[in-house]
Structures are given as structure tokens and as C-alpha cells.
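# Inside the fold
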Amino acid sequence: RRSLVRRASQVVPRMSFAHRDFENPEAETCWLSCLFQSLWHSVIFHTAFEEHLTSSKFVACSEERILQALQQTWEEYKVQGDDVGASMTQKAELPEGHERLVSSDELVEAFGEGYGDMSEALAMMVEELSQSENHRAQLVAEQIVLVPLTMIDDVFPTPDHAWKLVEEWGAGKTPLLAVDLSLPRPSKEGSKCLAELWVPRCDPAAVEARKSTLRAPSDMGPDHWLVSLVCFMHSTQHYVAFCRRQSDPTKCVFFNDLPSLTSGAEKVLKWTEVPEMCGRFNLTPRLAVYEAASGTAAAAREPGSGEPQS
């Protein structure tokens, strides 16, 4: 089986991905926008999709509704990234309400209207890709494994627990691992404690090592880094996402398509600041997406790509 990891390291130069926010007029599509943000900010998935699955590279059949929706949303996200501005600094200087939001209409049509579960949506996407007649779509599906976790003897699960399960499955070399945290509703303090277990350890020496070696310290197992941490607000049935910045892995970008629910929250913050924010707004970690460092570290050493700064 040919892996997309090597291809990602060959093709993706050191880059930062443009950031856009989504519309959510009916307060029902946060689960889809968070799924898209997690996929977009993965170097491995981003590269594979750009190289093989965009609408210019592959025409999806009528039964591949999820792939068609991803293609359309992908193009809109890219176009608006070109239109609005290149950097987070420039974006921060835009007047409130000036930014053009990305529509989630195509994703809603593909996945169905109303509230849904993000982990189930990811599983549906992987299933559709695996059934595609396109070999590349099948290959992308093979590179993603969903890892379910719950409370262990009334104790919060950790990345070590997830990795143990991954090893039992023989999936340690899988490029993309999505850890599905199915847990009872915690208190604010519980959400903070859980987030402390799942955010990256941002040791400065480790960050520098990531820039120079494939054997840099990882966030889970020996080779996987956190791409995104999606959290759930039980009180409002709402998803938000923290996505790693490619230009500075000690920081993340916060995505919330109903910003009034987290009034005063910073858009860009350090990973070490995420647990406090989770406690403040009772954001419970729900899905942690990891990608293999061996598929991205070599790419990170290449010169800049001209993409908007993340």
C-alpha cells in the first residue's frame, strides 16, 4: 500500500494555511465547520486533497455527495483566503463584520440538516472515500483511523491511552489519527483538567527540534503531532476548534462560528492557554486529530510558499 505521508513531505513546502470563518445562521452547522477546519489544517490531508481530490483533479460522481461538498467548500475557502488578506495581523485589523464568511450550505446538503455529531461525520466521509472508484480517494480513506476513547476507571483518558489502543490495532504508522473522546458532561474544572491532558507540550527545545529533525518529540506516540482539538459546549450543543498554527506550533487558532458564545476569547493563543479557556467557557475536548510528524517535518524545512500566514 502506497502511503501519502511521503508525498506530503515531498510536495508541501513550509507553509501556513489561510484561515476563514464559517457562516452558521441557524446555529446548526458548527459540527461541519469544525470538521472542515480540522481537515484543512492537516498538512497531510491538505496536500493529498490538493494533489488528487480537488474538482480540477477529480470529478466526483453523483453518489459522492460528501466529496462534492468538500470540493466546493474547499474552493470557496481558498478563494476567500485570497480575497480577504494574507496574515492574521492584517485580518485582525479588518473592521468588525468586514470578513467574508464561508458558506456551509454544500456540507449541509451532503451530511443532512440539523445538529450532528462531528465524529460520525468524519466516519461518513472516510466511508464514502473508501467506496470511491477513484484509487486516490480510497488511499486517502486508508490514511485515517478513528480511535474511540471513554472514561477509564472513572479517570479521564490521555493520549497515552489512545496510543496503546492504536498499537493494539497495529495502526501506529497511520498518517492521520482522530481520537474520539466520548465522555460524560464535566464541570468547568473538569473541562480544564481534560484539556491539560490533551494540549501539546510546548517545550521550546522540542519546537526547535521539529524544525530540524524527523525525530522531534511528539504529542502522541513516537511520531504524531496534534493538528486540532475540537471541543463541545454541552450547554448550547455547540462545537468549537483549536487548530495548530503551521508558522508557530506553540500557538493555535480558535474557530467558533457563534462567537457570542465565547465573548472575549482570543482568536490566536498559546496551546498552554487553552486549558484555562476551556475551563472558562466549559469547552470539553471531544475530538483530537493527529498527523504523523514524519510526513510533515521534512516539508517544514523547505523555504516559504507564499501562503497566507497561519
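Structure's up top.
Just so you know, these numbers come straight off a predicted model, no measurement behind them.

## Things to note about the pairing of strand β3 (residues 224-233)
Each regular strand shows side chains that alternate between the opposite faces of the sheet. Extensive coverage of β3 is indicated by the burial of ten of its ten residues. Relative to strand β7 (residues 284-292), β3 runs antiparallel, the two being bridged by eight bridges. By the bridge assignment for β7, Val-230 is matched with Leu-287. For β3 and strand β4 (residues 238-244), the ladder comprises six bridges, and the chain directions are antiparallel. Residue pairing for β4: Phe-232 is matched across the bridge by Tyr-239. In sequence, β3 turns back onto β4 through a hairpin of four residues, with Gln-237 there showing a positive phi of about 55°.

## Topic: the pattern of salt bridges
Side chains carrying opposite charge are able to pair once their charged atoms draw close together. Inspection of every chain in the model, using the stated rule, returns four salt bridges. Measuring nitrogen to oxygen at the nearest pair gives 3.3 Å for the salt bridge that ties Lys-78 to Glu-50. Residue Lys-78 is located in helix α4 (residues 65-84), and its partner Glu-50 is located in helix α3 (residues 43-53); the two are separated by 28 residues in the primary sequence. Owing to a relative accessible area of 29%, Lys-78 belongs among the partly exposed residues under this scheme. Measuring nitrogen to oxygen at the nearest pair gives 2.8 Å for the salt bridge that ties Glu-291 to Arg-244. Highlighted residues: Glu-291 in strand β7 and Arg-244 in strand β4, separated in sequence by 47 residues. When sorted by exposure, Glu-291 lands in the same class as Arg-244, which is buried.

## Observations regarding unusual backbone geometry
A positive phi angle is found at Asp-154, which is not glycine, with a value near 65°. Mapping Asp-154 onto the fold places it in the loop between β1 (144-149) and α9 (159-169). In this structure, Gln-237 is a non-glycine residue whose phi angle is positive, near 55°. With respect to the secondary-structure elements, Gln-237 resides in the loop between β3 and β4.

## Some points on the sheet that holds strand β5 (residues 251-255)
Across the sheet, which stays open at both edges, the seven strands sit in the order β1-β2-β7-β3-β4-β5-β6 with mixed pairing between neighbours. Two strands close off the open sheet at either side, each with one partner strand: β1 and β6 (268-270). Adjacent strand axes in the sheet meet at a mean angle of 25°, parallel and antiparallel pairs treated alike. Two elements, β4 and β5, share four bridges in a ladder whose sense is antiparallel. For Phe-242, the partnering residue across the bridge sits in β5 and is Phe-254.

## Points about the nonpolar core
Phe-45, Phe-111 and Met-125 are the most contacted members of the largest nonpolar core, which has 49 residues in total. The element that contributes the greatest number of residues to this core is helix α2 (residues 30-40), accounting for eight residues. Apart from residues no more than four positions distant in its own chain, Phe-111 is found in contact with Trp-31, Leu-32, Leu-35, Ile-66, Ala-121 and Met-124. Of all hydrophobic cores here, the second largest spans 35 residues; its members include Trp-163, Leu-177, Phe-254 and Met-277.

Scoring rules and cut-offs
- Residues numbered from 1 in each chain as written.
- Predicted model: local features only at pLDDT ≥ 70, side-chain atom pairs only at ≥ 80, totals over all residues.
- Heavy atoms only, no water.
- Buried < 20%, exposed > 50% of the residue type's maximum accessible area, 1.4 Å probe, protein only.
- Helix = DSSP H or I, 4+ residues; strand = E, 2+ residues; numbered from the N terminus.
- Pairing = 2+ DSSP bridges.
- Salt bridge = Lys/Arg side-chain N within 4 Å of Asp/Glu carboxyl O.
- Axes fitted to C-alpha atoms, helices over the stretch in contact; angles between N-to-C directions.
- Core = buried A, V, L, I, M, F, W, Y, C linked by side-chain atoms within 4.5 Å.
- Contact = heavy atoms within 4.5 Å.

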